[in-house]
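Survey of secondary and tertiary structure
Listed below, chain by chain, are the residues.
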Amino acid sequence: MHLKNVQPNAIRMRRMLEAVMAQGVTDQKVLTVLGSIPRELFVSKALATDAYDDACLPIGELQTISMPSVVARMTAALELAGTEKVLEIGTGCGYQTILLSKLCRRVYTVERHKSLSEAAVKRLHDFGITNFTPLVGDGTLGWPAQAPFDRIIVTAAGPWVPAPLIDQLAVGGILVIPVGPQETSQKLLKIRKISATETTEENLGPVAFVPLVGQQGLPQTNRA
Ligand code: SAH
């Protein structure tokens, strides 16, 4: 199926964008791209009527598509001009990937669940997206062969910032990542690499993400 020309439901989308703006997102480019993507095509048909709520929804493998307001806040925090090489950890259903693909030069996206990666790749191709490269593997180790990256976004939460991601971030680059315990909430960090050895860190507030599972993250359990 070709999804390129499918338009989001106008009324529901307006409500979704209002909810996103109510969470403080003002970046017009991000809002425009968000408003152009029919979110219901990233979840199962049974969830289509909920797809424009500002809520996370199940996508299989016990994972979730993130809340639109969180996706928008993270995307805005990346300060994309359109020329960047971006690393995304946690492809999931590909919703964040498609937004990134429309706002940067190329997205390198890593997912640990093969089934999710394959479904996301198919969906992105159906949308006519070609400026992305998928990988199935442990994103906590980054993607050394493709480094450095101008931006890195992590859409799952671990106990610390994986060192390989800082190493693979270009000087002047930005990393957006949730960090903290699963039991409560995590903090969303915006980390800027200001020199080869120095970073600055801004806390963008509390968020709730699924576990970042990997060598530089949490151990695998039957819930991840
Ligand atoms: N951005 C996604 C969010 C999916 S939830 C979306 O909009 O759909 C987070 C995803 O991160 C899950 O699919 C999970 O399987 C994946 N993940 C968790 N740990 C990972 C790791 N170490 N490497 C790659 N992907 C990981």
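Scroll up to find the structure.
This report concerns the structure included in the present document. Treat the numbers as computed from the prediction; the structure is a model and nothing was measured.

Take the site of the ligand next. Near the ligand lie 27 residues; those nearest to it are Cys93, Glu111, Asp138, Gly139 and Val213. For the ligand, a nitrogen atom lies 3.3 Å from a polar atom in the backbone of Gly90. Within the contact set of the ligand, a nitrogen atom lies 3.5 Å away from a backbone nitrogen or oxygen of Gly137. Coverage of the ligand by the protein amounts to 99% of the 580 Å² it exposes when considered alone. Sorting elements by how many residues they give to the shell around the ligand places strand β2 (residues 63–65) first, with three residues.

Taken together, seven strands build an open sheet; the order of strands is β5-β4-β3-β6-β7-β8-β9 and the sheet is mixed. Unpaired on one side and paired on the other, β5 (132–136) and β9 (199–207) mark the two borders of the sheet. Within this sheet the neighbouring strands show an average axis-to-axis angle of 15 degrees, counted without direction. Sheet analysis places strand β3 (residues 85–89) next to strand β6 (residues 149–154), joined by four bridges and oriented parallel. Residue pairing across strands places Val86 opposite Arg151, the latter belonging to β6. On the sheet, helix α3 (residues 68–77) packs against β6, β7 (169–179), β8 (186–193) and β9 and is oriented at approximately 170 degrees with respect to β9. Running over the sheet, helix α5 (residues 114–126) touches β4 (106–111) and β5 and is turned about 165 degrees from β5.

The rules behind these values
Residues numbered from 1 in each chain as written. Predicted model: local features only at pLDDT ≥ 70, side-chain atom pairs only at ≥ 80, totals over all residues. Heavy atoms only, no water. Near = heavy atom within 4 Å. Polar contact = N/O pair within 3.5 Å; in protein donor to acceptor, adjacent residues only side chain to side chain. Areas by Shrake-Rupley, 256 points an atom, 1.4 Å probe, with all protein chains shown as cover. Helix = DSSP H or I, 4+ residues; strand = E, 2+ residues; numbered from the N terminus. Pairing = 2+ DSSP bridges. Axes fitted to C-alpha atoms, helices over the stretch in contact; angles between N-to-C directions. Contact = heavy atoms within 4.5 Å.

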